[in-house]
Amino acid sequence: MPSGRITKAAVLGAGVMGSQIAAHLANAGIAVVLLDIVPSSLTEEERARGLTLQSPEVRNRFARLGLERAKQLKPPAFMDPDRARLITVGNLEDDLPKLATADWIIEAVVEDLEVKRALFQRVEAYRRSDAIVSSNTSGIPIARLQEGLSAGFRRHFLGTHFFNPPRYMRLVEVIPTPETSPEVVRTIADFCDRALGKGVVFAKDTPNFIANRIGVFSFLCTLRAMLEYELTLEEVDALTGPAIGHPKSATFRTADLAGLDILARVVENIAANAPEDEWREVFVLPDFVREMIRRGWIGEKAGCGFYRRDPTTGEVLALDYRTLEYRPRQKARFPALEMVRPIEDVRERLRTLLQGTDRAGRFLWTIVSETVRYAAHCLPEIADDLVQVDRAMRWGFNWELGPFETWDALGVRAVVERLQREGRAIPPVVQALLTSGHETFYREEAGRRFYFDPADARYREEEQPPGLVLLSALKAQHRLIRSNPGASLIDLGDGVACVEFHSKMNTIGADTVQMLQYALERLSEGEFEGLVIGNQGEHFSAGANLMLLLLAAEEEEWDELDLMIRAFQRTNLALKYAARPVVVAPFGLTLGGGCEITLHAPKVRAAAETYIGLVETSVGLIPAGGGTKEMLLRMLERAPRGDAVDLLPYVRQAFETIALAKVSGSAHEAKRMGLLRPSDAITMNRDRLIADAKATVLALAHEGYERPAPPAEIPVLGEPGLAALKLGIHLAWRAGQITEYDAHIGRKLAWVLCGGDLRAPRAVTEEYLLDLEREAFLSLLGEPKTRERIRHMLTEGKPLRN
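Note that the coordinates shown come from a computational prediction; the quantities given were computed from them, not determined experimentally.

1. A short note on the overall build of the protein
Part 1 of the argument: Per the secondary structure count, the protein includes 33 helices and 25 strands.
Part 2 of the argument: Scaling as 2.2 N^0.38, a compact globule of 802 residues should have a C-alpha radius of gyration of about 28 Å, and the protein matches this with 29 Å.
Part 3 of the argument: If one aligns the C-alpha atoms of the protein with their principal axes, the spans along those axes are about 80 × 70 × 60 Å.
Part 4 of the argument: Across the 802 residues in the protein, those meeting the buried criterion constitute 57%.
Part 5 of the argument: Within the protein, counting contacts between residues at least 6 apart in sequence, those at least 24 apart form 69% of the total.
Part 6 of the argument: A total accessible area of about 34,100 Å² is found for the protein, and carbon and sulfur atoms account for 51% of it.
Part 7 of the argument: Distance between charge centroids for the protein: 2 Å, based on 99 positive and 110 negative side chains.

Right under this line is the structure:
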């Protein structure tokens, strides 16, 4: 493989995981050959078409169907549907010679040791001598898979365990054997990190590696505790979701997504391959779960599992595990959950819940204490350090805290004392920590995090992948230039600064705008070479601070609101026409005002998983920070040049994007929608986004940056265009597609896009359109129905169609 670069790959097995791994490789721009077995019989359709078992279409059927399933998945496996063209399908009988061009060959066939071994024997005859081969097994020992293969094959062989769905789940466990070349390990780890956007964890070659070993143990403990405390599925899911820092899918929705058949296989694998595990008796499925599997109730892919949707009413039903009958879901009621709801810090929330003596507190103490004990017990066997374990659980199961971070959150000594009072054993790793005179598994110094190494009872610095920029570390190293409650200005080094948002959900208010203005002033004075606007929170920005807008409107502070909107508009224009490069780095939710900032950026460096859109109409408003104007400009840029060009289709596209509050499903889709430019850059790994944005700033500065020129004129359609858009709005209302108030908002938006009260098409300036935006925004904000929509969004978290 030249210079360690991976440009072509092959995936063997087109099932659920294989087809989605192929899709994600295609997301990264990698050409993929996807192969599966040859069918042994014809379908009725194939027979009717006169096909035979020798027809290529038949022989490639399983791979083709795997690809088609991947193309239909929701949420989508492909970031851009066009990426599917990078995948070529074939079969494992005719197309193994195609492996000769692959830099990386990934096996994802059925979880059967002998089937995999036999396939690897065949692969060895075709692979290039420097090609890397890996298995996506979820738990079969990697060393056993390579038995009987050549030394060269074994040097290039390892495990790469992706989590389902591969596009969205961040974790990939890399499992080398003692014979795997260190260069191969580095190549795969770096590629998974940079090209696939993965968080890489290095696991030892032990049963089910790290995440499944601990995650399935936690699941089984939860089942046991549910039976002990006689809780319902809904009660367990209420207690084991966001309240304790776990995802909303909690326990049983997660199990349905994963599939009970997969969980059963993991349980059986651990029971069979970990005979020395002192906790082996936990790895047994309760009788009711085994009966569910026997009946085929294995989760979402079967249409029913712990939950199922009534096909007639659409109502979600929950399983009563005592009777194995489905019934309407019951709301879980725990005073403890209401008590901790205002607590934002997950550590404090978890401590408070586990201190409770009620049923909820006792249940949670049982499952959390057993899980962290087991993780500490397993540590020497499954990983080289505790950091790998915590990362595996955060990235593979979406826990906010890994097991050792949980020990620290609860207080190691306090947990140990409680365990001792209950007569439960303390794992040697925990004893080693306390015996050495330390109280926590982690400690921080000057923005660097250190972890406890029980091997020599000392702390070691947590290693980060090379090239990362961590804003929290820079602030701890006194690189903070200025800060307020909404945002900070941070020195990234090399003459580049960064405006970091850090309000709740990174909403945009007066503090954020003031910090942007301050940074842009410093930039214009030549104190920096360039500026990055980005952060490392959960999302780039959820948009404007709606509560601030609502309170000001209800107090009728219209002059203050007008000044606030003007300030945001001026700031975005200053950003757009700055004399030195400004790069905006969006990721995750980039909505409303966050989208408007991005639209004004001269250059964007977006995370691949960026969900961007102008969503103001969902709360009864229109974009007024320049977003309406910028969307119009983006669409007009797509129009051919010439006086005779009909601009209405392009104006209509801008209208529909805003009116329907369209949000991209990825940065690639955002380019299609015009929310990003074709020239904007995309970073697959969000952790690298700030570093990549900084590099983009420096490259622009080095090339000799020239600020964008303001458009000399912006053509608007006036009354003829407004009439056409109003007709479309009326027809949508007549068809029942929108409410009367939606139509009212749509007419306001159309009025702005067409240039206001103009009798005929003409050219206008940016400032002219900004004045129209502001006028329409304030008039809508003054209406009771808009304020009702805002209140509903703030209280319920979803739009109201009134």
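2. Comments concerning the nonpolar core
Part 1 of the argument: One finds Phe-306, Phe-404, Trp-407 and Phe-441 to be the most contacted residues of the largest nonpolar core, which totals 124 residues.
Part 2 of the argument: At 13 residues, helix α16 (residues 359-382) tops the list of elements feeding residues into this core.
Part 3 of the argument: For Trp-407, the residues in contact, after removing those within four places along its chain, are Val-372, Arg-373, Ala-376, Val-412, Val-415, Val-416, Leu-419, Val-430 and Phe-441.
Part 4 of the argument: Counting 103 residues, the second-largest nonpolar core is a separate cluster that includes Ile-612, Trp-751, Leu-758 and Leu-769.

3. Describing the sheet that holds strand β15 (residues 480-483)
Part 1 of the argument: With mixed pairing, seven strands are arranged side by side in an open sheet as β15-β16-β17-β18-β19-β21-β23. Looking at which strands have only one partner, the edges of the open sheet turn out to be β15 and β23 (681-683). Between one strand axis and the next, the sheet turns through 20° on average, direction left out of account.
Part 2 of the argument: The pairing of strand β17 (residues 496-501) with strand β18 (residues 530-533) spans four bridges and is classified as parallel. Note on β18: the bridge partner recorded for Val-499 is Ile-533.

4. Side note on the packing of aromatic side chains
Part 1 of the argument: Within this structure, the stated rule accounts for 23 aromatic pairs.
Part 2 of the argument: Ring geometry for Phe-120 and Phe-153: centres 5.9 Å apart, planes at 65°, overall edge-to-face. Of this pair, Phe-120 sits in helix α5 (residues 113-124) while Phe-153 is found in helix α7 (residues 151-155), placing the two residues 33 residues apart along the sequence.
Part 3 of the argument: Here Phe-153 falls in the buried class, since its relative accessible area comes to 1%.
Part 4 of the argument: Arranged with centres 6.0 Å apart and planes meeting at 55°, the rings of Phe-283 and Tyr-374 form a pair that is tilted. You can see Phe-283 sitting in the loop between α12 (260-273) and α13 (287-295) and its partner Tyr-374 sitting in helix α16, a full 91 residues away along the chain.
Part 5 of the argument: These aromatic residues form a ring-pair network of at least three members: Phe-219, Phe-252, Phe-288, Phe-306 and Tyr-321.
Part 6 of the argument: For Arg-61, the ring lying beneath its charged end belongs to Phe-62, and the centroid distance is 5.3 Å.

5. Overview of the state of the cysteines
Part 1 of the argument: All told, the structure shown has zero disulfides when counted by the stated rule.
Part 2 of the argument: In this model Cys-221 remains outside any disulfide bridge; the closest cysteine sulfur is found in Cys-378, 11 Å from its own.
Part 3 of the argument: You can see Cys-595 has no disulfide; the closest cysteine sulfur is in Cys-498, sitting 19 Å from it.
Part 4 of the argument: The class of Cys-595 is buried, set by a relative accessible area of 0%.

6. Focus on the pattern of salt bridges
Part 1 of the argument: Counted by the stated rule, this structure contains 62 salt bridges.
Part 2 of the argument: Notably, a salt bridge pairs Arg-294 with Glu-291, separated by 2.7 Å at the nearest N-O pair. With a gap of three residues between them, Arg-294 and Glu-291 both fall in helix α13, about one helical turn apart.
Part 3 of the argument: By sharing partners, the salt bridges in this structure join Glu-370, Arg-373, Arg-418, Glu-422 and Arg-424 into a single network.

7. Looking at the pairing of strand β21 (residues 603-607)
Part 1 of the argument: Most of β21 is tucked away, with five of its five residues classed as buried.
Part 2 of the argument: With burial as the criterion, each face of β21 is covered, one bearing Lys-603, Arg-605 and Ala-607 and the other bearing Val-604 and Ala-606.
Part 3 of the argument: Of the strand pairs in this sheet, strand β19 (residues 582-584) and β21 are connected by two bridges, and their pairing is parallel. By the bridge assignment for β21, Val-584 is matched with Val-604.
Part 4 of the argument: Bridge analysis of β21 against β23 gives three bridges, and the strand direction is parallel. Considered in β23, the bridge of Ala-607 is made with Thr-683.

8. Brief notes about a negative patch on the surface
Part 1 of the argument: On the surface, a cluster of negative charge is contributed by Glu-555, Glu-556, Glu-557, Asp-559 and Glu-560.
Part 2 of the argument: Along the chain, the position of Glu-560 falls in helix α24 (residues 558-576).
Part 3 of the argument: Residue Glu-560 is classed as partly exposed on the basis of its relative accessible area of 46%.

9. Re helix α18 (residues 403-410)
Part 1 of the argument: Most of α18 is tucked away, with eight of its eight residues classed as buried.
Part 2 of the argument: Those residues of α18 lying buried are Pro-403, Phe-404, Glu-405, Thr-406, Trp-407, Asp-408, Ala-409 and Leu-410.
Part 3 of the argument: Looking at the residues trailing α18, positive phi occurs at Gly-411, about 95°.

10. Observations concerning the packing of α24 against helix α25 (residues 593-600)
Part 1 of the argument: Where α24 meets α25, the axes come as close as 8 Å, and the angle between the chain directions of the two elements is 30°. Contacts from Phe-568, Asn-572, Leu-573, Leu-575 and Lys-576 of α24 reach α25 at Gly-593, Glu-596, Ile-597 and His-600.
Part 2 of the argument: Classifying every residue of the contact of α24 with α25 gives four nonpolar, three polar and two charged.

11. Re the sheet that holds strand β13 (residues 448-453)
Part 1 of the argument: With antiparallel pairing, the three strands of this open sheet are ordered in space as β12-β13-β14. The open sheet has two free edges, formed respectively by β12 (442-445) and β14 (458-461), since each of these has just one partner strand. For this sheet the average axis-to-axis angle between neighbouring strands, irrespective of direction, equals 35°.
Part 2 of the argument: Sheet analysis places β13 next to β14, joined by four bridges and oriented antiparallel. Bridged to Tyr-451 within β14 is Arg-460.
Part 3 of the argument: The sheet contacts of helix α17 (residues 386-397) involve β12 and β13, and relative to β13 the element is tilted by about 115°.

12. Points about the environment of Arg-224
Part 1 of the argument: One can find Arg-224 in helix α9 (residues 211-229).
Part 2 of the argument: Arg-224 sits in the partly exposed class, given a relative accessible area of 44%.
Part 3 of the argument: For Arg-224 and Leu-285, which are 61 residues apart along the polypeptide, the C-alpha to C-alpha distance reads 9.3 Å.
Part 4 of the argument: Once you skip the residues sitting within four places of it in the chain, Arg-224 turns out to touch Glu-281 and Val-282.

13. Observations regarding the environment of Ser-472
Part 1 of the argument: With respect to the secondary-structure elements, Ser-472 resides in helix α21 (residues 471-476).
Part 2 of the argument: Its relative accessible area of 52% is what places Ser-472 among the exposed residues.

So, how was this worked out
Residues numbered from 1 in each chain as written. Predicted model: local features only at pLDDT ≥ 70, side-chain atom pairs only at ≥ 80, totals over all residues. Heavy atoms only, no water. Helix = DSSP H or I, 4+ residues; strand = E, 2+ residues; numbered from the N terminus. Rg over C-alpha atoms; globule rule 2.2 N^0.38 Å. Buried < 20%, exposed > 50% of the residue type's maximum accessible area, 1.4 Å probe, protein only. Contact = heavy atoms within 4.5 Å. Areas by Shrake-Rupley, 256 points an atom, 1.4 Å probe, with all protein chains shown as cover. Lys, Arg positive; Asp, Glu negative; His and termini not counted. Charge placed at Lys NZ, Arg CZ, Asp CG, Glu CD. Core = buried A, V, L, I, M, F, W, Y, C linked by side-chain atoms within 4.5 Å. Pairing = 2+ DSSP bridges. Axes fitted to C-alpha atoms, helices over the stretch in contact; angles between N-to-C directions. Phe/Tyr/Trp six-rings, centres within 6.5 Å; stacked < 30°, edge-to-face > 60°. Lys NZ or Arg CZ within 6 Å of the ring centre and 35° of its normal. Disulfide = S-S within 2.5 Å. Salt bridge = Lys/Arg side-chain N within 4 Å of Asp/Glu carboxyl O. Patch = residues over 30% accessible without salt bridge, like charges linked within 9 Å, V, L, I, M, F, W, Y side chains within 5 Å. Nonpolar A, V, L, I, M, F, W, Y, C, P; charged D, E, K, R; others polar.

Interpretation note: all reported values are geometric properties and have no functional meaning in isolation.
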